[in-house]
Amino acid sequence: MKKILLFASGSGSNVRTILQNFYEQPGVSFPAIITNNKHAGVIEIARAAGLDVMVVNKENFYSEVFIDVIDMMNPDLLVLAGFLWKVPDYLVQTYQGKIINIHPALLPKFGGKGMYGHHVHEAVIAAGETESGITIHLVNEHYDEGTILLQKKVDVLDSDTPETLAKKVLKLEHEWYSKVIATLLNS
Ligand code: GAR
């Protein structure tokens, strides 16, 4: 059984899509969804899917004792899907090459601390970019700097707003994140 541990902070549309895509797949399970936000929409999605939800506070997440909680679940892959806290070094070091993130722009542009969700799309439009997209990458000790596994592009039109761009990018995220996860699980 391959175990995927999901981390999310927001509405959870990526989590929903991943759960749908792997729902009928034998040999894959989701021991828990970890969130830092007790009001996150993802909690309802997880509960509706019958999954355990763990709400963590900063003190626990950044304390090395949390590793015991993660180790107990024995995950094969840690998947960040709109998770906004920086992954602590102890977790990165213990699960080298097994933590992945999705970012709603073409890294290394428009990444780093504070670059999440609508901030990213606003920055892309303000910079006059003609293309944006998604980046799926391994997580290392630095925000948005791990090895890139996949990038896909969308055009940014003059008529695009941060909202319309976000929609196009999210569509790509839903299309590709599960495929990368499946590839990693099978490698
Ligand atoms: C997604 O667009 C994801 O790429 C982004 O948050 C959104 C979460 O949406 N992540 C980041 O910006 C990380 N820096 P969701 O909650 O609907 O899946």
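What you see is a predicted model, and the numbers here were worked out from it, not measured in a lab. (Residues numbered from 1 in each chain as written. Predicted model: local features only at pLDDT ≥ 70, side-chain atom pairs only at ≥ 80, totals over all residues. Heavy atoms only, no water.)

A word on the overall build of the chain. From N to C terminus, the chain includes seven helices and eight strands. The C-alpha atoms of the chain give 16 Å as radius of gyration, which agrees with the globular expectation for 187 residues (16 Å, within 12%). Seen through its C-alpha atoms, the chain measures out along the principal axes to roughly 50 × 35 × 35 Å. A burial count over the chain gives 47% of its 187 residues as buried. Residue pairs in contact within the chain that sit at least 24 positions apart in sequence constitute 67% of those at least 6 positions apart. Element-wise, carbon and sulfur atoms account for 51% of the exposed surface of the chain, whose accessible area totals about 9,600 Å². Within the chain, the 21 negative side-chain charges are centred at a point lying 3 Å from the centre of the 16 positive side-chain charges. (Helix = DSSP H or I, 4+ residues; strand = E, 2+ residues; numbered from the N terminus. Rg over C-alpha atoms; globule rule 2.2 N^0.38 Å. Buried < 20%, exposed > 50% of the residue type's maximum accessible area, 1.4 Å probe, protein only. Contact = heavy atoms within 4.5 Å. Areas by Shrake-Rupley, 256 points an atom, 1.4 Å probe, with all protein chains shown as cover. Lys, Arg positive; Asp, Glu negative; His and termini not counted. Charge placed at Lys NZ, Arg CZ, Asp CG, Glu CD.)

Of all the eight residues making up strand E7 (residues 131-138), seven are buried; the element is thus mostly covered by neighbouring parts of the structure. Here strand E6 (residues 99-103) runs beside E7; their pairing, made up of four bridges, is antiparallel. Bridging from a neighbouring strand, Asn101 pairs with His137 of E7. Pairing geometry for E7 and strand E8 (residues 148-155), over seven bridges, is antiparallel. Each residue of the ladder has a partner; that of Ile134, found in E8, is Lys152. (Pairing = 2+ DSSP bridges.)

Further remarks concern helix H7 (residues 162-186). Since one α-helical turn is 3.6 residues long, residues separated by three or four positions face the same way. The terminal C-alpha atoms of H7, which comprises 25 residues, lie 36 Å apart, in line with the 36 Å expected from a rise of 1.5 Å per residue. The largest bend in H7 comes to about 30°, at Trp176. When H7 is considered as a whole, its buried residues turn out to be Leu165, Val169, Leu172, Glu173, Trp176, Tyr177, Ser178, Val180, Ile181 and Leu185. (Expected span 1.5 Å × (residues − 1). Bend = angle between axes of the 7 residues up to and from the residue.)

To continue, consider the nonpolar core. Residues Leu6, Val15, Phe30, Val79, Tyr177 and Ile181 are the most contacted members of the largest nonpolar core, which totals 40 residues. Residue contributions to this core peak at eight residues, all from H7. (Core = buried A, V, L, I, M, F, W, Y, C linked by side-chain atoms within 4.5 Å.)

By nearness alone, 14 residues border the ligand, and Ser11, Gly12, Ser13, Asn14 and Glu173 come closest of all. In this structure, an oxygen atom belonging to the ligand sits 2.9 Å away from a main-chain N or O atom of Asn14. Measuring from an oxygen atom of the ligand, one finds a side-chain N or O atom of Glu173 at 2.8 Å. For the ligand, whose accessible area on its own is 450 Å², the fraction buried by protein is 89%. Going through the elements one at a time, helix H1 (13-22), E6 and H7 are the ones with two or more residues in the shell around the ligand. For the shell around the ligand, a count of residues per class yields five nonpolar, eight polar and one charged. (Near = heavy atom within 4 Å. Polar contact = N/O pair within 3.5 Å; in protein donor to acceptor, adjacent residues only side chain to side chain. Nonpolar A, V, L, I, M, F, W, Y, C, P; charged D, E, K, R; others polar.)

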